[in-house]
2 protein chains.
Amino acid sequence: MSGSRLFNELVEALRILPGVGAKSATRMALHVLERERERGRKLAEALSAAIERVGHCNRCRTLSEDETCGLCLSGARDASVLCVVEGLQDLLAIEQATGYRGRYFVLHGRLSPIDGLGPDELGLPRLADRLDEGEVRELIIATNATVEGEVTAHYLGELARARGIAATRLAHGVPLGGELEFVDRTTLAHAFGGRQRIDR
Amino acid sequence: MSGSRLFNELVEALRILPGVGAKSATRMALHVLERERERGRKLAEALSAAIERVGHCNRCRTLSEDETCGLCLSGARDASVLCVVEGLQDLLAIEQATGYRGRYFVLHGRLSPIDGLGPDELGLPRLADRLDEGEVRELIIATNATVEGEVTAHYLGELARARGIAATRLAHGVPLGGELEFVDRTTLAHAFGGRQRIDR
């Protein structure tokens, strides 16, 4: 430890960040104090501001400092397609990777009775209300390809079906660029069973 | 990008940290806002406090919020041994790895005229004054084993010699656990030339 209490406290505090151990925390604290005080001040402010003011959008439950988020309010986005994701990281991944221009709904979890996560915790009543509004024509179910994600997808599919709304699921199979020998068995079996004609 | 401006700003701000790219910054921001708001608040405070109040110790130039740091004031440390390091990370590494109980002097760099780093920038007049006080009996020169580090070490050695103070340098050679075939040529040649008798 250094001779500075405040430095040691900063190193400790940095360790709440995911993937940051004692060594990187020390490196980060040194870097900020030796070279980036001005921008470090900005970081402290951005952190406080986000923690104090960012809550959840009342329509889609994504992070937002406003009652309704920018994605829900944007007139440029198609309100007839709604993509349901388990978490914000999934929303961000889809935004970055795809050209999707519809709306979202964030569950903040997946159906998992053992963790106390039922339909209410995932905001499904609110999702049902939203589907009842009649604007949504397609529900894209983008939950994870895990057992719990599949159970959740099934439940969401029922919500859509009961209202005559088309429900779709992301395609599963061998990743692009993936070599067959390194693909896990379940995925390979699924991809093999779901093989598609190429002369279309 | 998400629909939240404050979230996006936090992600941007986190990228000043070394080793943090867009992806880890996003993961960190999500983690803090979804799970660690209370500790995130503490991090913002620790960051502000350190940035506003931590300066350099007036004796050894390490980070300190007090005029003289804890390492210099501690009566438990031997004032007759002084270890000179290029940077704080070196001081911290020595504190963690060794049982060293003497004092330090931090150069914040190495002699490098091309970068505008001369004796004054490295605080060498202050180091000379310290050696003149007569308390120091051994000067441990722990600059890096680079060309500039060696030049600096030579300069420091002269400072010590002129005052009849013993100067020592960290031992160089094959790292413990290192396999010869993977050791770089310069180190191997140095270790070979500096081979030592084992029957002592």
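Coordinates for the structure precede this section.
Everything numeric here is computed off the predicted structure, so don't read it as measured data.

### Some remarks on the packing of helix H6 (residues 124–132) of chain A against helix H7 (residues 147–161) of chain A
Each pair of packed helices can be summarised by the angle the axes make with each other and by the distance between the axes. Residue and element names in this part refer to chain A. Interaxial distance between H6 and H7 falls to 10 Å at its minimum, and their mutual angle equals 30°. Considered as vectors, H6 and H7 are oriented roughly parallel to each other. Viewed along their axes, H6 and H7 form a crossing whose handedness is right-handed. Taken together, the residues of H7 that come into contact with H6 (itself represented by Leu124, Leu127 and Leu131) are Tyr155, Leu156, Leu159 and Ala160. For the contact of H6 with H7, a count of residues per class yields seven nonpolar, no polar and no charged.

### Brief notes about the sheet that holds strand E4 (residues 102–106) of chain A
All names here are of chain A. Spatial ordering of the open sheet is given by E4-E3-E5-E6, a layout of four strands whose pairing is parallel. Taken across any chain shown, the strands that pair with only one partner, and hence form the sheet edges, are E4 and strand E6 (166–169). For this sheet, the mean angle separating the axes of adjacent strands, direction not counted, is 25°. Here strand E3 (residues 78–85) pairs with E4 via five bridges, running parallel. Counterpart to Val84 in the pairing with E4 is Phe105. Sheet strands in contact with helix H5 (residues 88–97) are E3 and E4, and its direction is about 160° off that of E4.

### What to know about the sheet that holds strand E4 (residues 102–106) of chain B
Residues and elements named next belong to chain B. Spatial strand order, E4-E3-E5-E6: four strands in an open sheet with parallel pairing. Lying at the two open borders of the sheet, with one neighbouring strand each, are E4 and strand E6 (166–169). With direction set aside, neighbouring strand axes in the sheet form an average angle of 25°. Relative to E4, helix H5 (residues 88–97) is tilted by about 160°, and along the sheet it contacts strand E3 (78–85) and E4.

### Concerning the pairing of strand E5 (residues 138–141) of chain A
All names here are of chain A. Relative to E5, E3 runs parallel, the two being bridged by four bridges. Paired with Leu82 across the strands is Leu139, a residue of E5. Pairing of E5 with E6 involves four bridges; the strand directions are parallel. Paired with Leu139 across the two strands is Ala167, which belongs to E6. A crossover links E5 with its parallel partner E6, the connecting element being H7, and its sense is right-handed.

Rules behind the numbers
The residue count restarts for each chain, going from 1 along the sequence in the order it is written. Chain letters and ligand numbers both follow the written order, the letters beginning at A and the numbers at 1. The model is predicted, so local features are restricted to residues of pLDDT at least 70 and side-chain atom pairs to those at 80 or more, both for listing and for counting; the totals for chains, interfaces and linings are taken over all residues. The basis for the side-chain values is all heavy atoms of the structure; hydrogens and waters are excluded. Note on definitions: angles span 0 to 180 degrees between N-to-C directions of axes, and those axes are lines fitted to C-alpha atoms, for helices only across the stretch in contact. Counting from the N terminus, the helices are DSSP H or I runs at least four residues long and the strands are E runs at least two residues long. Oblique is the label for every angle not falling under 35 degrees (roughly parallel), over 145 degrees (roughly antiparallel), or within 65 to 115 degrees (roughly perpendicular). Throughout, a crossing is termed right-handed when the near helix is turned clockwise from the far one, and left-handed when it is turned anticlockwise from it by less than a right angle. Any pair of residues with heavy atoms lying within 4.5 Å of one another is described as a contacting pair. As a working rule, the residues Ala, Val, Leu, Ile, Met, Phe, Trp, Tyr, Cys and Pro are called nonpolar, Asp, Glu, Lys and Arg charged, and the rest polar, with Gly in that last group. Pairing between two strands requires that DSSP report at least two bridges joining them. Call a crossover right-handed when, viewed with both strands pointing away from you, the route from the first strand across the helix to the second goes clockwise.

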